[in-house]
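Coordinates in review
The lines below spell out each chain.
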There are 2 protein chains.
Amino acid sequence: MQVLNRVAEQGVVEERFDLPVEDAVVPGIIWSPENAAAPGPTILIGHGGTQHKRTPNVLGLARRFVRHLGYRAIAIDAPGHGDRISDPDAAARQRQRLEQRIANRTGAPTFSAEEAEAWVERSARGLREWTAVVDHILSNDVCDGRIGYWGVSMGTIIGLPFVAADRRVQAAVLGLAGIGNRPGAQRFAEAASALQVPILFVFQWDDELMSRDAGLQLFDRIGSPEKTMHINPGGHVAMPLFERDAFEAFFRRHLGAP
Amino acid sequence: MQVLNRVAEQGVVEERFDLPVEDAVVPGIIWSPENAAAPGPTILIGHGGTQHKRTPNVLGLARRFVRHLGYRAIAIDAPGHGDRISDPDAAARQRQRLEQRIANRTGAPTFSAEEAEAWVERSARGLREWTAVVDHILSNDVCDGRIGYWGVSMGTIIGLPFVAADRRVQAAVLGLAGIGNRPGAQRFAEAASALQVPILFVFQWDDELMSRDAGLQLFDRIGSPEKTMHINPGGHVAMPLFERDAFEAFFRRHLGAP
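Since the model is a prediction, treat every value here as computed from it, not as a measurement. (Residues numbered from 1 in each chain as written. Chains lettered and ligands numbered in written order. Predicted model: local features only at pLDDT ≥ 70, side-chain atom pairs only at ≥ 80, totals over all residues. Heavy atoms only, no water.)

**Focus on the overall build of chain A**
Here is the rule we go by: A run of H or I in DSSP becomes a helix once it reaches four residues, and a run of E becomes a strand once it reaches two; helices and strands are each numbered from the N terminus. Here the globule rule reads 2.2 Å times residues to the power 0.38, and the radius of gyration is calculated from C-alpha atoms. Burial classification: accessible surface area is computed with a 1.4 Å probe over protein chains only, and a residue below 20% of its type maximum counts as buried, one above 50% as exposed, and the rest as partly exposed. Any pair of residues with heavy atoms lying within 4.5 Å of one another is described as a contacting pair. For the purpose of charge, His is not counted, nor are the chain termini; Lys and Arg are scored as positive and Asp and Glu as negative. Taken as the charge centre is NZ of Lys, CZ of Arg, CG of Asp or CD of Glu, depending on the residue.
Tallying secondary structure elements over chain A gives seven helices and nine strands in all. For 258 residues, the compact-globule formula gives about 18 Å, and the C-alpha radius of gyration of chain A, at 17 Å, lands near that figure. Dimensions of chain A along its principal axes, counting C-alpha atoms only, are 50 × 40 × 30 Å. Counting all 258 residues of chain A, 55% fall into the buried class. The long-range fraction of contacts in chain A, counting pairs at least 24 apart against all pairs at least 6 apart in sequence, stands at 73%. Separation of charge centres in chain A, based on 28 positive and 31 negative side chains, amounts to 2 Å.

If you want it as structure tokens, here you go:
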């Protein structure tokens, strides 16, 4: 992990890093409490589709986890996102398509066989990259072994199979996702069944991209003995800010004091 | 309101009172912070079927609201419950029937026309009694005008129409209830639509007395712009204790500091 930049602001140290994983370089950020001496609990934050590692809600959450909980937080650019965008025009078109789907309430996207394959490959790659991040923070005095994951929408598409596969993650906030007829849905459902750790699953009751049934189905499939679903009215991007208090309480309960 | 008894324990003052309402005497308890000088925010707690005003979960909640939030809490015996039981044998049989329904997973009870009428009458009476309690605490320097309601199961059957009708209640935790084919279901659904204040609706995903659909339907019908549903696995009496933290955070957010 190469640290490229380091700034401290209002008690939060923000370090920009590059981590080589397989044939790629994964750009990331780690936020830590200023004057943090020992390794501590760490929350991995997976951003949504078309977003990136320092998108406003990721940045806001990371700072809260540091300031309110005394934890560390890490975000990385998912494959094809943020600094990993190779074709900015294509990325802009993709963002427009997503916004259109939300505006037109057209529901979950349909995929060509090619797009579907790309999605599945991207999710699998994203999973392996999180595993590499965990390897790294555990062997470099960042994390004391207490690890949480937070990620909704695409952050769940990538994060749910990751949390199911990597038993070092001890609690996760997931959401804005469901079991539909998306490419890889069957494997996704199986990953949900394999989950064992406490899950807080947040869902929007009027999500333009996801049916209620698909969301409830996913909650139902989650294998964890402790799981809670929080449903709020409103669309995909209208989750109420007070849910952030619930995220904090959830991680504090499961990862403990720093 | 006649105060019959007053004890103070670990910072919580508990006063047993009798309040005459119509042709009945309603027995209740008010819990307050020791040394509370001025009137403060007050949570009304409605107990479940076969329970009473000092049943363990009511007592535990009341003490938490006083100790953690600095609020007051009030519980009363619902019609035909607690000190208002006139036929102890009949009450014991009713409790056994409820336990049997839970054990046998027989779902929502069926009613004879007579029983149905009694249920509707009991709920309407319970509503009027809460209104009388609110009249009383506002005119007797108990409550400063900030009022919350907490009640699940029968506490929702009685409490939801009360909160919908009495605009002095500013936020409510409801749950373990649904819209089924129970007597008065249509009026109950209309009351849900009339709700305007923030609602936290808690539900058990494997409730032996209530189908998932009936619960989701009720959440859907709630008219309040701010409403959140918390779903946890397990049966009617297995709501996880950590939801108490959510109740506290909810009331603190809406009623503020004492």
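**Here's the deal with the relation of the copies chain B and chain A**
Definition in use: Residues below a pLDDT of 70 in either copy are left out; the C-alpha atoms of the rest, at least 70 in both, set the least-squares superposition of the copies.
Each copy of the sequence occupies a distinct position, and chain B is placed on chain A by a rotation of 180° and an axial shift of 0.0 Å, giving an RMSD of 0.0 Å. The transformation just described matches what one would write down for a two-fold rotation axis. It is B:His230 whose C-alpha, among those of chain B, lies nearest the rotation axis, at 2.4 Å. The overlap is high: 100% of the interface residues of chain B also sit at the interface in chain A, so the same surface is used on both sides.

**Quick look at helix H6 (residues 212-221) of chain A**
Listed as buried for H6(A) are A:Ala214, A:Gly215, A:Leu216, A:Leu218 and A:Phe219. Next to the buried residues of H6(A) lie helix H4 (154-165), helix H5 (185-194), strand E8 (199-204) and strand E9 (227-232) of chain A together with helix H6 (212-221) and strand E9 (227-232) of chain B.

**Observations concerning the environment of A:Pro240**
All names here are of chain A. With respect to the helices and strands, Pro 240 occurs in the loop between E9 and helix H7 (243-255). A relative accessible area of 18% places Pro 240 in the buried class. The spacing of Pro 240 and His 47 is 193 residues in sequence and 17 Å in space, taken between C-alpha atoms. Setting aside anything within four residues of it in sequence, one finds Pro 240 in contact with Gln 204 and Asn 232.

**So, the interface of chain B and chain A**
Rule in force here: What gets called buried area is simply the loss in accessible area from a 1.4 Å probe that two parts show on being joined, summed for both. Note on definitions: salt bridges are taken to be side-chain nitrogens of Lys or Arg within 4 Å of carboxyl oxygens of Asp or Glu. Classes in brief: Ala, Val, Leu, Ile, Met, Phe, Trp, Tyr, Cys and Pro nonpolar; Asp, Glu, Lys and Arg charged; the others, Gly included, polar. Each pair of strands is called paired provided DSSP finds at least two bridges between the two strands.
Counting residues at the interface gives 17 residues for chain B, matched by 17 residues for chain A. Summing both sides of the interface, chain B and chain A together bury roughly 1500 Å²; the carbon and sulfur share of this comes to 62%. The largest per-residue losses of area from chain B upon contact with chain A belong to B:Trp205, B:Ile231 and B:Phe242, which jointly make up 30% of the total buried on that side. Here chain B is connected to chain A by two salt bridges. Here A:Asp220 makes a salt bridge to B:Arg212, at a shortest N to O gap of 3.1 Å. Looking at the side of chain B that touches chain A, the elements that each hand over two or more residues are H6, E9 and helix H7 (243-255) of chain B. Here the side of chain B that touches chain A gets six residues from one element, more than from any other, and that element is E9(B). Split by residue class, the side of chain B that touches chain A holds eight nonpolar, three polar and six charged. Both E9(A) and E9(B) contribute to a ladder of three bridges, which runs antiparallel. Its bridge partner lying in E9(B), A:Met229 is registered against B:Ile231.

**Comments concerning the pairing of strand E1 (residues 2-9) of chain B**
All names here are of chain B. Pairing of E1 with strand E2 (residues 12-21), which is carried by seven bridges, proceeds in the antiparallel orientation. Bridge assignment links Asn 5 to a residue of E2, and that residue is Arg 16. From the end of E1 to the start of E2, which pair antiparallel, there are two residues, and Gln 10 there has a positive phi angle of about 45°.

**Examining the packing of helix H3 (residues 113-139) of chain B against helix H4 (residues 154-165) of chain B**
Each pair of packed helices can be summarised by the angle the axes make with each other and by the distance between the axes. Residues and elements named next belong to chain B. Keep this limit in mind: The axes used here are C-alpha line fits, helices contributing only the stretch in contact, and every angle between their N-to-C directions lies in the interval 0 to 180 degrees. With respect to orientation, any angle under 35 degrees is reported as roughly parallel, any angle over 145 as roughly antiparallel, any angle of 65 to 115 as roughly perpendicular, and every other angle as oblique. Each crossing is labelled by how the near helix is turned from the far one, with a counterclockwise turn of less than a right angle marking it left-handed and a clockwise turn marking it right-handed.
The geometry of H3 relative to H4 is characterised by a closest axis approach of 9 Å and an angle of 60° between their N-to-C directions. Comparing the axis directions of H3 and H4 gives the class oblique. Note that H3 runs across H4; the crossing there is right-handed. Taken together, the residues of H4 that come into contact with H3 (itself represented by Trp 119, Ser 123, Gly 126, Leu 127, Trp 130, Thr 131 and Val 134) are Met 154, Ile 157, Ile 158, Pro 161 and Phe 162. Here the contact of H3 with H4 is composed, by residue class, of nine nonpolar, three polar and no charged.

**What about H5(A)?**
All names here are of chain A. Here is the rule we go by: It is the directions from the helix axis to the C-beta atoms that the arc portrays.
For H5, every residue scored as buried is listed here: Ala 185, Phe 188, Ala 189, Ala 191 and Ala 192. In a view along the axis of H5, the buried residues occupy a sector of 160°, so they form one face of it. Exposed residues pointing more than 90 degrees away from the buried face of H5 are listed as Gln 186 and Arg 187. Where H5 is buried, its residues touch H4 and H6.

**Let's talk about the environment of A:Asp220**
Looking at the secondary structure, you find A:Asp220 in helix H6. Exposure remark for A:Asp220: the relative accessible area of 37% places this residue in the partly exposed category. Between the C-alpha atom of A:Asp220 and that of A:Glu99, which follows or precedes it by 121 residues, the distance is 29 Å. Not counting the four nearest positions on each side in its chain, A:Asp220 is found in contact with A:Lys227, B:Trp205 and B:Arg212.

**Some thoughts on the nonpolar core**
Heads up, the rule is: Each nonpolar core is a collection of buried residues, namely Ala, Val, Leu, Ile, Met, Phe, Trp, Tyr and Cys, held together in the definition by side-chain atoms within 4.5 Å.
Residues A:Leu44 and B:Leu44 are the most contacted members of the largest nonpolar core, which totals 97 residues. In this view, A:Leu44 contacts A:Ile74, A:Trp130, A:Val133, A:Val134, A:Ile137, A:Ile147, A:Gly148, A:Tyr149, A:Trp150 and A:Phe162; residues no more than four positions away in its chain are not counted.

**Section: the pairing of E2(B)**
Residue and element names in this part refer to chain B. Within E2, eight of the ten residues are buried, which leaves the element mostly enclosed by the surrounding structure. Sheet analysis places E2 next to strand E3 (residues 24-33), joined by ten bridges and oriented antiparallel. In the sheet register, Glu 14 faces E3, and the bridge partner there is Trp 31. A loop of two residues connects E2 with E3, the two strands running antiparallel in sequence, and Glu 22 in this loop sits at a positive phi of about 55°.

**With respect to unusual backbone geometry**
Residues and elements named next belong to chain B. Although it is not a glycine, Asn 35 sits at a positive phi angle of roughly 70°. Summarising the element assignment, Asn 35 is placed in the loop between E3 and strand E4 (40-46). In the Ramachandran plot, Thr 50 falls in the positive-phi region, its phi being about 70° despite a non-glycine side chain. Here Thr 50 is to be found in the loop between E4 and helix H1 (56-69). Here Thr 50 falls in the partly exposed class, since its relative accessible area comes to 27%.

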